[in-house]
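Each chain, written out:
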Amino acid sequence: MSEMAWVPQSCTLPTEEQPLRVAEWDALFSERLTSLTRPEPLRLRFDLAGGPGVEERVRELVARESGCCSFFAFTTTPGEDVIVLDIAVDAAHEPVLDALATRAAGGQS
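Every chain's residues receive numbers from 1 upward, in the order its sequence appears when written. With pLDDT at 70 or above as the cut-off, local features in this predicted model cover only qualifying residues; side-chain atom pairs require 80 or more to be listed or tallied, and sums for whole chains, interfaces and linings still use all residues. Hydrogens and waters are ignored; side-chain quantities use all the structure's heavy atoms.

Student: Is there a simple way to explain the overall build of the chain in this structure?
Tutor: Numbered from the N terminus, helices here are DSSP runs of H or I no shorter than four residues, and strands are runs of E no shorter than two. The helix and strand tally for the chain stands at three helices and four strands. Each helix (α) and strand (β) of the chain, taken in turn from the N terminus, gives the series α-β-β-α-β-β-α. Residue contacts follow a heavy-atom distance rule, with two residues in contact if any of their heavy atoms lie within 4.5 Å. Sequence-distant contacts in the chain: of pairs separated by 6 or more residues, those separated by 24 or more amount to 56%. Throughout, the Shrake-Rupley method with a 1.4 Å probe supplies accessible areas, and for residues the shown protein chains are the sole cover considered. Roughly 5800 Å² of accessible area belongs to the chain as shown, and the carbon and sulfur atoms make up 54% of that amount.

Student: Mind showing me how you'd approach the pattern of salt bridges here?
Tutor: When their charged atoms lie close together, side chains carrying opposite charge are able to pair. Any carboxyl oxygen of Asp or Glu that lies within 4 Å of a side-chain nitrogen of Lys or Arg is treated as forming a salt bridge with it. Considering all chains together, one arrives at nine salt bridges under this definition. In this structure, the salt-bridge partner of R59 is E55, at a minimum N-O distance of 2.9 Å. Taken together, the residues R59 and E55, both in helix α2 (residues 54-68) and four residues apart, mark about one turn of the helix. Among the residues examined, R59 registers a relative accessible area of 38% and is labelled partly exposed. It is possible to trace a salt-bridge network through shared partners that takes in E40, R43, R45 and D86. When a residue's accessible area, from a 1.4 Å probe over protein chains only, is under 20% of the maximum for its type it is buried; when over 50% it is exposed; and in between it is partly exposed.

Student: Is there a simple way to think about the sheet that holds strand β4 (residues 82-88) in this case?
Tutor: Consider a sheet: its strands pair through backbone hydrogen bonds, and that pairing is either parallel or antiparallel. Pairing between strands is defined by DSSP: at least two bridges between the two strands are required. Strand order across the open sheet formed by four strands is β1-β2-β4-β3, with antiparallel pairing between neighbours. Edge positions in the sheet fall to β1 (33-40) and β3 (73-78), since each of these pairs with one other strand and no more. Across the sheet, the axes of successive neighbouring strands diverge by a mean angle of 15°, strand direction being ignored. Relative to β4, strand β2 (residues 43-49) is paired through seven bridges, and the arrangement is antiparallel. Considered in β4, the bridge of R45 is made with D86. Contacts between α2 and the sheet are confined to β2, β3 and β4, with β3 contributing the most and set at about 170° to the helix. An axis is simply a line fitted to the C-alpha atoms; with a helix, the fit covers only the stretch in contact. Between two such axes, the angle follows the N-to-C directions and lies from 0 to 180 degrees.

Student: Honestly, the nonpolar core in this entry has me stumped. Any pointers?
Tutor: Buried together is how nonpolar side chains tend to be arranged in soluble globular proteins. Of all hydrophobic cores here, the largest spans 24 residues; its most connected members are W25, F46, F72, L85 and I87. Every element with two or more residues in this core is listed here: α1 (18-32), β2, α2, β4 and α3 (94-104). With residues near it in sequence (within four places) discarded, W25 still touches L61, V62, E65, F74 and L85. Remark: nonpolar core denotes a set of buried residues (Ala, Val, Leu, Ile, Met, Phe, Trp, Tyr, Cys) joined through side-chain atoms within 4.5 Å.

Student: I would appreciate a short explanation of the side chain of T76 in the present structure.
Tutor: By the secondary structure assignment, T76 is in strand β3. In this structure T76 touches V58, R59, V62, I83, V84 and L85, once residues within four positions along its chain are discounted.

Student: Looking at this structure, I do not really get α3. What am I missing?
Tutor: Residues that lie three or four places apart on an α-helix share one face, since the helix turns once every 3.6 residues. Of the residues making up α3, those classed as buried are V96, L97, A99, L100, A101, R103 and A104. Looking one or two residues past α3, G106 carries a phi angle of roughly 105°, positive in sign.

And the structure:
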């Protein structure tokens, strides 16, 4: 299975741009992820270390992702030291959430 095989057909981001977007998420997770939980089967919660410009970076990435993958529901909650990012999907997109969790945890899906 190719690295991008898990990207659903409902994603409207041009195919050639998809690896770049995945790399942005990978970089955010590798640089800022402090914990990852799955409070519900269709929702992930990412705790991201805060710092100068981090909230803006997260909000900008979420806005662009929402533009091409409308099946994601993002909630960003800023805090003093941690930015909480919740990502929810419908049941049809649970495999995408699974792949995202795997990538964030350091695996390659």
